[in-house]
4 protein chains.
Amino acid sequence: MSKYKEYFNQKELKRKPYSFSPIREKLHEIIFEAETTAGKIFDIALLIMILLSIITLMLETVPAYYKNYKTVFLTLEWIFTIFFTVEYFLRIYCVYRPRFYIFSFYGLVDLLSILPSYLTLVIPGMHSLMIVRGLRLTRVFRIFKLDAFIEQGNLILNALNDSRRKLTIFAMTIIIMVSIFGSLMYLIENGINPQFDSIPRSIYWCIVTITTVGYGDMAPNTPFGQFLASIIMLMGYIIIAVPTGIVTSSIIKESKMYPNTITCKNCSKEGHANEAKYCDKCGFEL
Amino acid sequence: MSKYKEYFNQKELKRKPYSFSPIREKLHEIIFEAETTAGKIFDIALLIMILLSIITLMLETVPAYYKNYKTVFLTLEWIFTIFFTVEYFLRIYCVYRPRFYIFSFYGLVDLLSILPSYLTLVIPGMHSLMIVRGLRLTRVFRIFKLDAFIEQGNLILNALNDSRRKLTIFAMTIIIMVSIFGSLMYLIENGINPQFDSIPRSIYWCIVTITTVGYGDMAPNTPFGQFLASIIMLMGYIIIAVPTGIVTSSIIKESKMYPNTITCKNCSKEGHANEAKYCDKCGFEL
Amino acid sequence: MSKYKEYFNQKELKRKPYSFSPIREKLHEIIFEAETTAGKIFDIALLIMILLSIITLMLETVPAYYKNYKTVFLTLEWIFTIFFTVEYFLRIYCVYRPRFYIFSFYGLVDLLSILPSYLTLVIPGMHSLMIVRGLRLTRVFRIFKLDAFIEQGNLILNALNDSRRKLTIFAMTIIIMVSIFGSLMYLIENGINPQFDSIPRSIYWCIVTITTVGYGDMAPNTPFGQFLASIIMLMGYIIIAVPTGIVTSSIIKESKMYPNTITCKNCSKEGHANEAKYCDKCGFEL
Amino acid sequence: MSKYKEYFNQKELKRKPYSFSPIREKLHEIIFEAETTAGKIFDIALLIMILLSIITLMLETVPAYYKNYKTVFLTLEWIFTIFFTVEYFLRIYCVYRPRFYIFSFYGLVDLLSILPSYLTLVIPGMHSLMIVRGLRLTRVFRIFKLDAFIEQGNLILNALNDSRRKLTIFAMTIIIMVSIFGSLMYLIENGINPQFDSIPRSIYWCIVTITTVGYGDMAPNTPFGQFLASIIMLMGYIIIAVPTGIVTSSIIKESKMYPNTITCKNCSKEGHANEAKYCDKCGFEL
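Residues numbered from 1 in each chain as written. Chains lettered and ligands numbered in written order. Predicted model: local features only at pLDDT ≥ 70, side-chain atom pairs only at ≥ 80, totals over all residues. Heavy atoms only, no water.

### Re the overall build of chain A
What chain A contains, in helices and strands, is 13 helices and 0 strands. Ordered by position from the N terminus, the helices and strands of chain A form the series α-α-α-α-α-α-α-α-α-α-α-α-α. Here the contacts in chain A between residues at least 6 apart in sequence split such that 55% fall between residues at least 24 apart. Carbon together with sulfur atoms contributes 67% to the accessible area of chain A, which is approximately 14,600 Å² in total. (Helix = DSSP H or I, 4+ residues; strand = E, 2+ residues; numbered from the N terminus. Contact = heavy atoms within 4.5 Å. Areas by Shrake-Rupley, 256 points an atom, 1.4 Å probe, with all protein chains shown as cover.)

Listed below in structure tokens is the structure:
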């Protein structure tokens, strides 16, 4: 988003004297901004509409409800779709640079939220894809100015990003482990226990076990199978400590990185250590 | 509680010369205080009564017991209710400012502990609400002067409060994730597996899976469903590291905040061990 | 143990000239010490005997094995029991102060390892208690001089001891939570779902769920029950972070406490901070 | 590997003037190195072959597929085996010191990847062992020069190695705990619940429970059994914090060990941020 804005601002500076009709300006204010009362009301109304449309979509799949309220669901679905379609085109209409909006993250999500409804007219069974609408709910952060939330969210993302490589190695190790143990289990239980009838299914069982999910749709029958399963479980119990350790270590590091608000008066660098006396970027006294 | 006390003390100072009858004074000492032997015995007896009333309440719902001991349960229930009712009115009678007690946390809990019994006379089936009595057990901290426990409990609460925003974002992310994966699972398993007959139920399955609970009342049947389930499980396994990392980081921070405040008078070094007698930087006596 | 030794040494100093017959001395060396070859062989043989006796005990309970090898099991059991009985009396015979041994931890465990066999002659079905023999295996640490292991084990115990209060509060909170949610679940599912037929069983279900065990022997049927279950699961998922955070924080603190081997030359205090220049107990320069 | 290389280089220095035929030199470049385009293509092709052979092996065990595509699987298996056999002998042919390759980790894995196929000709049912081929996939790190990944992987391994003793003690404690609780459960449920028909099976149940896997293939029936199970579950819930705490503490320590080694030339302060240009204590340029 920031890159887009940067590019936009840059262009904007060159051909500044933009003049939309007052209606388009007003519309832009209502739809895209949340500073005015009208803008805020529109955004909250939109959020409620999105939520309702998702709930409708989910309840529609409940057989008991669908049988009794088929027409209600169909009507509601089209009301939401038409509302979102109108909204989508209004957005294109009142934005300064439609192309930027259309290809932005929110623009694509907005389009994907309405497309499936129309696609169902051609290809049946597509409308379940409308669940994509859920992504529109992330607008909530923008509306309520949840900057503190975004900051904290970024901290988590940074921590996860920081431990990306460790977690990848961990995931690969787990995949290799479940493959080997799954195959071993197949060798042990196959023939005796009809549940372990193939290596892929045995690997599935091993994942269910090592992650401590344990459905119980598959469970070892033979004493030796139960013995191996016990070892796998105990390993899973200890191994779960690894990703936790990785992420915790990163979160602690990230939390320490933004502990104060000391900003260098010379180069305005932020994120200094608490005991720092000089800016570590420009050497200026803090 | 502390705010209430503060306010109370403040008022108390203004109109001090309170004089209750000796019986009311004595009653207050027994019921509200735990310094005297009588007060301690009353408090412990009360705790045992509360515990017994909760156990009675729970056992009452066991069909086998209820059938055989119906009258015993009914008798016990009314004995406890009458005891707690008398206690409640005695508390109001002997407290200096009844209104403060009635609207305090413990006052409301005390009221809610007896109300359901009387309500059952009017509306049947309400007496299960008496489980609220469990909250009365928190008095245990007061009686045994478990200040150290309260301090530690506050540390945990502070840590949770400190990581409130991160946990909220995490919970929201999980909710969005389970909605998307639940819907995907519905698309894959619906029609083949009767267990995945609606999106809400598929989301329920996804929560059961991602939290590693794994009842097994619903489990994917199709190979592709099992493949997606495996990915969800592995994600859940790694994702559980996030709240742990958040809370651990906060608890470490909170624990560090109250280590001690010993500062060397010579070199003003902080962060000494609790049992330190000399500054470990300059050797000066602390 | 150290206290016992201290006391023992103290007494020993007073009436030193102990003189056992050379056989008793030799026996003591073999049975109680592991410095000589004979002592080591005895200890390893003992460990193997203990392990074998436990395995025998466990396999004996497998119906298929018991039916076919009843006499083998009975013979083995009495061989082990007689061996351990002889060993027990030899220990009493050759130790300097029998009373100290008999009432020491190992003395009591040794007695409890043989008693159940004899008790079965009087009261049948008692011999399952022989599982207590497992505790004898902890001798392994002594034999193999696993001091480093003991030190690390102590670190964990110290960390757990340090977070004792926090974990107690956490456990109490969980117990209150599962009582309330279990009761709520009973109110919702009772009558519709025969599995939730009493509050104690509903609480059992709630524990199974919140700890993410999830057997699946009980699972909610009603949509609202599944909704509440989802909330409980997500809470359990996040709440598991609390004990982890508590213990991790303590282990980090404990690990930091013994990071180096700096010992004060003056007062021989250990466990100084890495950057310490002066002993914080006596102020002596390190 | 590094030791092998060292030794190799040492010997190499002594009898340097090695001269292979250009074909052997070229082959070595293609098979063993990944610097040239040909070498890279070979390595990627090999990786794909390995992956395909593993997938074939797994799908072969699915009864439905095996019945229909028996000959396809057999053909594919032999194509892969012959390809890997040729590759293995080419490696031996073109390497400077065949013996070093044959007894290196990769050499043994390469041999074990082809042996089972030939063994099946003699002893049927051995070809499941070919899953060992999965280990060949670890070559991926070498090909894509994933040094950063290896470094991070080493950090995790160091952390696990560092906490080896603590985790061993923890595992032993868990094993003793599940033995004792499993036996107790056997005493309680045996006779009433046919699932708990032996101590080994009860211990298996206890492991399933304490690790929070919870298949549900075995679950307590008696009220007292469910009560003990509840306690075991709550213990498992809290105990899981121990390995997590151990590993997290180690990972934090390891992460801190390699931050950087930048030291201020002026005041010799250590522990600067990676991007720091000036010392944050004295302002001196780093």
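### Things to note about the relation of the copies chain C and chain A
With an RMSD of 0.2 Å, chain C superimposes on chain A once it is rotated by 180° and translated 0.0 Å along the axis. In symmetry terms, the pair is related by a two-fold rotation axis. (Least-squares fit on C-alpha atoms with pLDDT ≥ 70 in both.)

### Some words on the packing of helix 10 (residues 164–189) of chain D against helix 11 (residues 199–210) of chain D
All names here are of chain D. One way to put it is that helix 10 packs onto helix 11 with a least axis distance of 8 Å and a crossing angle of 120°. Comparing the axis directions of helix 10 and helix 11 gives the class oblique. The handedness of the crossing between helix 10 and helix 11 comes out as right-handed. Across the interface between the two elements, Met177, Val178, Ser179, Phe181, Gly182, Ser183, Met185 and Tyr186 of helix 10 pack against Ile199, Ser202, Ile203, Trp205, Cys206, Ile207 and Ile210 of helix 11. Taken together, the residues of the contact of helix 10 with helix 11 break down into 11 nonpolar, 4 polar and no charged. (Axes fitted to C-alpha atoms, helices over the stretch in contact; angles between N-to-C directions. Parallel < 35°, antiparallel > 145°, perpendicular 65-115°, else oblique. Left-handed = near helix turned anticlockwise from the far one by under 90°. Nonpolar A, V, L, I, M, F, W, Y, C, P; charged D, E, K, R; others polar.)

### Some details on the environment of Cys282 of chain D
Here Cys282 of chain D is to be found in the segment after helix 13 (241–257). Sequence-wise, Cys282 of chain D and Tyr186 of chain D are 96 residues apart; in three dimensions their C-alpha atoms are separated by 69 Å.

### A closer look at the interface of chain C and chain A
A common way to report how large an interface is uses the accessible area buried once the components associate. Facing the 5 residues of chain C at the interface are 5 residues of chain A. Here chain C packs against chain A, burying approximately 230 Å² in sum over the two surfaces, 40% of which is carbon and sulfur. Summed over the shared surface of chain C and chain A, the result is 0 salt bridges. Here chain C is connected to chain A by 0 residue pairs in polar contact (both at pLDDT 80 or more). A breakdown of the residues in the side of chain C that touches chain A according to their chemical character gives 2 nonpolar, 3 polar and no charged. (Buried area = accessible area lost by both parts, 1.4 Å probe. Salt bridge = Lys/Arg side-chain N within 4 Å of Asp/Glu carboxyl O. Polar contact = N/O pair within 3.5 Å; in protein donor to acceptor, adjacent residues only side chain to side chain.)

### Quick look at a nonpolar patch on the surface
Residues and elements named next belong to chain C. Nonpolar side chains collect at one region of the surface, where Ile82, Val86, Leu90, Tyr93, Leu112, Leu115, Tyr118, Leu119, Leu121, Val122 and Ile123 lie side by side and expose about 960 Å² of accessible area between them. Counting only elements with at least two residues in the nonpolar patch, the list comes to helix 4 (63–94) and helix 6 (105–122). The element best represented in the nonpolar patch is helix 6, accounting for 6 residues. (Patch = residues over 30% accessible without salt bridge, like charges linked within 9 Å, V, L, I, M, F, W, Y side chains within 5 Å.)

### Comments concerning the packing of aromatic side chains
Residue and element names in this part refer to chain A. Scanning the model with the defined rule gives 37 aromatic pairs over all chains in all. Judged by centre distance (6.0 Å) and plane angle (50°), the rings of Tyr88 and Tyr101 are tilted. Residue Tyr88 is found in helix 5 (residues 70–94), and its partner Tyr101 is found in helix 6 (residues 98–102); the two are separated by 13 residues along the sequence. An aromatic cluster of three or more residues is present, and its members are Phe80, Phe83 and Phe84. (Phe/Tyr/Trp six-rings, centres within 6.5 Å; stacked < 30°, edge-to-face > 60°.)

### Here we look at the environment of Leu27 of chain D
Residue and element names in this part refer to chain D. Within the secondary structure, Leu27 is located in helix 2 (residues 22–32). Looking at Leu27, the relative accessible area reads 18%, which means it is buried. Residues Leu27 and Leu90, 63 residues apart in the sequence, show an inter-C-alpha distance of 7.9 Å. (Buried < 20%, exposed > 50% of the residue type's maximum accessible area, 1.4 Å probe, protein only.)

### Looking at helix 2 (residues 22–32) of chain C
Inspection of helix 2 of chain C places Leu27, His28, Ile31 and Phe32 of chain C among the buried residues, and these make up the whole buried set. Looking straight down helix 2 of chain C, one finds its buried side chains confined to an arc of 100°; they lie on one side. (Arc of directions from axis to C-beta.)

### Some remarks on the side chain of Glu189 of chain C
When you line up the elements, Glu189 of chain C lands in helix 9 (residues 164–189). Despite its burial, Glu189 of chain C pairs with no opposite charge; the closest candidate is Arg201 of chain B, at 9.3 Å N-O. Of the polar contacts made by the side chain of Glu189 of chain C, one reaches the side chain of Thr222 of chain C; its length is 2.5 Å. Setting aside residues up to four positions removed in sequence, Glu189 of chain C forms contacts with Phe196, Pro220, Asn221, Thr222 and Gly225 of chain C. (Lys, Arg positive; Asp, Glu negative; His and termini not counted.)

### Details of unusual backbone geometry
All names here are of chain A. Positive phi values are uncommon outside glycine, yet Thr212 reaches one of about 60°. Here Thr212 shows up in the loop between helix 11 (199–210) and helix 12 (223–239). Taking the relative accessible area as the measure of exposure, Thr212 reaches 2% and is therefore buried.

### Some thoughts on the side chain of Thr248 of chain A
Structurally, Thr248 of chain A is set in helix 13 (residues 241–257). With a relative accessible area of 0%, Thr248 of chain A lands in the buried category. A polar contact of 2.6 Å, which involves the side chain of Thr248 of chain A, links it to the backbone oxygen of Thr244 of chain A. The residues contacting Thr248 of chain A, other than those within four sequence positions of it, are Thr244, Gly245 and Thr248 of chain B together with Thr248 of chain D.

### Brief notes about the confidence of the model for chain A
With 77% of its residues at a pLDDT of at least 70, chain A reaches an overall mean of 79. Within chain A, helix 11 of chain A carries the highest mean pLDDT (90), whereas helix 1 (residues 2–14) of chain A carries the lowest (52). (pLDDT = per-residue confidence, 0-100.)

### Thoughts on the environment of Asp217 of chain A
When you line up the elements, Asp217 of chain A lands in the loop between helix 11 and helix 12. Residue Asp217 of chain A is classed as partly exposed on the basis of its relative accessible area, which comes to 26%. In this structure, the C-alpha to C-alpha distance between Asp217 of chain A and Leu51 of chain A, residues 166 residues apart in sequence, is 35 Å. The contact partners of Asp217 of chain A, leaving out residues within four places of it in the chain, are Gln195 and Tyr204 of chain A together with Ala219 of chain B. Side-chain polar atoms of Asp217 of chain A contact the side chain of Tyr204 of chain A, separated by 3.4 Å.

### Overview of the nonpolar core
Where a protein is soluble and globular, its nonpolar side chains tend to be buried together. Core analysis: the biggest nonpolar cluster contains 222 residues, and Trp205 of chain A, Trp205 of chain B, Trp205 of chain C together with Trp205 of chain D have the highest contact counts within it. The residues contacting Trp205 of chain A, other than those within four sequence positions of it, are Met185, Phe196, Met218, Ala219, Pro220, Ala229 and Ile232 of chain A together with Tyr215 of chain D. (Core = buried A, V, L, I, M, F, W, Y, C linked by side-chain atoms within 4.5 Å.)

### Examining the pattern of salt bridges
Residue and element names in this part refer to chain A. Inspection of the entire model under this criterion finds 16 salt bridges over all chains. Arg91 serves as the salt-bridge partner of Asp110, at 3.9 Å between the closest nitrogen and oxygen. Residue Asp110 is found in helix 7 (residues 105–122), and its partner Arg91 is found in helix 5; the two are separated by 19 residues along the sequence. The structure contains a network of salt bridges with shared partners spanning Glu87, Arg91 and Asp110.

### With respect to the packing of helix 3 (residues 37–60) of chain C against helix 4 of chain C
All names here are of chain C. Contact pair helix 3 / helix 4: the axes reach a minimum separation of 9 Å and the direction vectors enclose 145°. For the pair helix 3 and helix 4, the sense of crossing is left-handed. For the pair helix 3 and helix 4, the contacting residues are Phe42, Leu46, Met49, Ile50, Leu52, Ser53, Thr56, Leu59 and Glu60 in the first and Tyr65, Tyr66, Phe73, Leu76, Glu77, Phe80, Phe83, Phe84, Glu87 and Arg91 in the second. Of the residues belonging to the contact of helix 3 with helix 4, the class tally is 13 nonpolar, 2 polar and 4 charged.

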